[in-house]
Amino acid sequence: MKRLALIFGVILIGQGTIYSQSETGAVPEYSVPITRQKKHEDIDKMQQLLLGSDGKADNNFSFNNDEQASQVATKAITTKVDWLQYEIETNSGIDNRMKIGYLSGLVAILSHMRTGWLKKDVRPSHFDQIIALYKKLIDVNQKKESLIPFITYFPYDIVYTASLPRIFEENPSYKQIKDILLVKYCKQYPEKTFVALTDYPDAPMADSLIKAAGRQYPQQLYNYAQANNKLSYKIQRINDDQFVKTIVSMARSDNNNGQIYFPFLDNIVKGKITTAQLDAAKNDRYKYYRLLVNTQIDYARRALNGDTAVGFADLTERLERKAFDDFVDEINGLHESPNAIRFKCLLPLNAQELYYLAVSTYKDNLIYTSSYVSGVYPEMMSKINNRGDSLLLSVTFDHYRKFISQAASYNTLKSFFTTFKNDADARDLMTAFATGLEKSKGLEDGVDVADSYASLYETLPDLARQMLGNIKRNLEANRRNGNQRGIAIYTILSKLFLSANPANNIDLTKELGIPPVYMVPFSNLTNEKGEVITQMFFYGDEDGRMDFDIFVRTFSGDPKWKVDQSNSKFVVAKTTSGAPVYVYANRPLPNEEDQDFVAQNAMEDYLEKNNLSPTVTFHRGHSYHAMTSVGYVSPTNRVVFLGSCGGFNLIDSILRRSSDAHIISSKQTGYRDINLPFIRIFLETLRNKKDIDWIPFWKTFRAAAHITGMEDYIPPYKNLGALFIKAYKKETGEEDI
């Protein structure tokens, strides 16, 4: 920065509006009075922190492996901010108080850009527009004109960040800006509408936002109507919407049965089921689960005819939860018991109910392999008279892609297809399985297809070849129709499937433009000091405390490491020789009091305050804790070890936070005796300053963890579902999918 200190007075250089200066070339030298020097220093510091938040404290900002977009973002952070400082400081039309306000505002904007992009609240591709809009708002504010016309068409994160400076509170249009921001926020994050309205229940658009969000997220409407606060009273006063009134009545009822009624909301409103029927079933796990399954099949049939029931997603979520809580958790827990005892609770269930037990607990891999293979699947097939085609017809093919993916993963697909009356029906089903993915909402169906191929290639090569042929035909069909989404999906799947055969010599990095899938260079895991920062999350249940104790004893007893236990919330294991590798691990404080959450936040606060950006995350807990650990993944993470099941929701959440992450997961519950060898070998590789070359690494890992369950662990280069998501985002530029 070319600035000269001026102790007394202000040197006035240049005239006109804030838009009068060029943004190319070097910023001219200019003088700054001592009263504002600190503000400029704060801006310079924040620029450096923002540049370094990508994990490399240098003069470049990189994200998403996109060189061009990274250059634009870097220019916004550096050149454009430098010019804006110059233009604010040298504009004679801006008085001292306003200059301080605008410079303070620039600090606030840069700070929010840094924290916002790490939390996925601000897109780095918007940095340039944020700075440009702030410049324009300064110009308009100086003229004492309304800011509204200049913020209307920008998305929420740009408007919110650019209008952060408190100096704009003096503008007459500021109150309207808050109202506009609320609407933009709810449009960009509809699932957070009620959270936002909690702070602004009297907003002009509150009623409309409540009605719209309520239909999309009726469970949230129910929860907020049940509370006793201003937003709840606002919801209760809506009298011109029968749907809202029905939910309010359920939420405010004295019998506390609203949650039991809620999944059947659409049928209750239509008079297809009564609360009396639900009352009769609510205390019987079989009767209530049966009602959930029958309603799921009814809603699925209606959806095929274009009639989507309100609350369908909430019904499905409730069904998934009851399937696990009332049945699958029980049979998982009895995995060491004889089958007659273990699977006794399944006997009263019919084939359709068993089908939903399977598919409802597969998405996040909650069902054990043995629970499926030895219990749910054979019992289901027995109840349907060993006719798989009849089974799928009876559930209107609801979640059939999920079922096929599950059967392929657990090696039951071949036997399932032998139960079809006609072989042609099985071929037709697999054709449909890989067809119409461009019409699916989101990418979950595409991930199911990708993951299935990984299993079929090894177990059913003929079926795998058929799938590849179907993928190619769908690609050509989408090309003829000019469907860009379909072209992207089927091009990616085709290349992923071809890459499964080494003889095809498919370089996925070159073909799909994604980061290397077989290796993570050591240099990608270090910061500017050559340090590797990793984070490890433990939980305060019995297993978590045991795992933590083993971790501390293992590394304390290794002369190549030392463990600092001076902090009450977390410990730090660090190398004593070789590359400086740090493992920050929270203490597993009692989770029934949420103290492990407090410990994790304390550790994260320490890392952020010290500008330490983890490039590796280890989850050390049960699968139901995994989403909490994933919440701490940031864009700088390059490797994420789940050590437990890694279903679609988890993998999608990880890649939303770090699009370059290499993910290691298991098809079912992880094992301590497998997880610990992985961690030891991984960290030793880093201590020796070596790249993580996954194929030889996996051979070493398998040799060190040669116990049952090892075959369920999936290396990053075989996680076709994760690679599919990465490639699709890279190809389309879409982030919210």
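So, a few notes on the structure that sits alongside this text. (Residues numbered from 1 in each chain as written. Predicted model: local features only at pLDDT ≥ 70, side-chain atom pairs only at ≥ 80, totals over all residues. Heavy atoms only, no water.)

## A closer look at helix α16 (residues 312-333)
Our working rule: For the purposes of this entry, the term helix denotes a DSSP run of H or I that reaches at least four residues, the term strand denotes a run of E that reaches at least two, and both are numbered from the N terminus. Between the first and last residue of a helix there are one fewer steps than residues, each counted as 1.5 Å, and that sum is the expected span. Note on bend: the value at a residue is the angle between axes fitted to the seven residues ending there and to the seven starting there.
With 22 residues, α16 should cover 32 Å at 1.5 Å per step; its first-to-last C-alpha distance of 30 Å lies within 8% of that length. Largest kink in α16: about 40 degrees, centred on F324.

## Remarks on the packing of aromatic side chains
Counted only if it meets this: Aromatic contacts are taken between Phe, Tyr and Trp rings whose centres are within 6.5 Å, Trp giving its six-membered ring; a plane angle under 30 degrees counts as stacked, one over 60 as edge-to-face, and the others as tilted. Note on criteria: charge over ring means Lys NZ or Arg CZ within 6 Å of the ring centre, with the direction from the centre no more than 35 degrees off the ring normal.
Enumeration according to the criterion identifies 54 aromatic pairs in this entry. Summarising the aromatic geometry, the rings of Y156 and Y160 are spaced 5.5 Å apart at their centres and angled 25 degrees between planes, so their arrangement reads as stacked. A residue pair is termed a helical-turn pair when its members lie 3 or 4 positions apart in one helix, as Y156 and Y160 do in helix α5 (residues 156-162) at four residues. Taken together, the ring pairs in this structure connect F618, F641, F678, F682, W694, F697, W698, F701 and Y713 into an aromatic cluster. Sitting over the ring of Y189, K192 keeps its end group 4.8 Å from the ring centre. Over the aromatic face of F555 sits the side chain of R680, whose NZ or CZ is 5.5 Å from the ring centroid.

## Comments concerning the pairing of strand β7 (residues 581-586)
Applied cut-off: Between buried and exposed lies partly exposed: a residue is buried under 20% and exposed over 50% of the maximum accessible area for its type, with that area taken using a 1.4 Å probe on protein chains only. Two strands qualify as a pair provided that DSSP identifies no fewer than 2 bridges between them.
Counting buried positions along β7 yields five of six residues, so the element is predominantly enclosed. Of the strand pairs in this sheet, strand β4 (residues 532-538) and β7 are connected by five bridges, and their pairing is parallel. The partner of M536 across the bridge, within β7, is A585. In terms of strand pairing, strand β6 (residues 570-575) meets β7 through five bridges, oriented antiparallel. The residue of β7 that forms the bridge with A573 is V583.

## Thoughts on the pattern of salt bridges
The following threshold applies: In what follows, salt bridge is the name for a side-chain nitrogen of Lys or Arg lying within 4 Å of a carboxyl oxygen of Asp or Glu.
Taken as a whole and judged by the stated rule, the model has 31 salt bridges. Between K211 and D240 there is a salt bridge, and its shortest N-O distance comes to 3.1 Å. Of this pair, K211 sits in helix α8 (residues 206-216) while D240 sits in the loop between α10 (230-236) and α11 (242-251), and the two are 29 residues apart along the sequence. On the accessibility criterion, D240 (60% relative accessible area) is exposed. For K560, the salt bridge identified is with D558, shortest N-O distance 3.5 Å. Judged by relative accessible area, which is 8%, D558 ranks as buried. Because the salt bridges share partners, they merge into one network encompassing D266, K270, R302 and D307.

## Some thoughts on the environment of N478
Our working definition: Throughout, a residue-residue contact means that at least one pair of heavy atoms, one from each residue, lies within 4.5 Å.
By the secondary structure assignment, N478 is in helix α25 (residues 461-481). Note on N478: relative accessible area 3%, which makes it buried. Sequence separation between N478 and E542 is 64 residues, and the spatial gap between their C-alpha atoms is 53 Å. With near-sequence residues (within four places) excluded, N478 lies in contact with E438, N483, G486, I487 and Y490.

That's the geometry; what it means functionally is another story.
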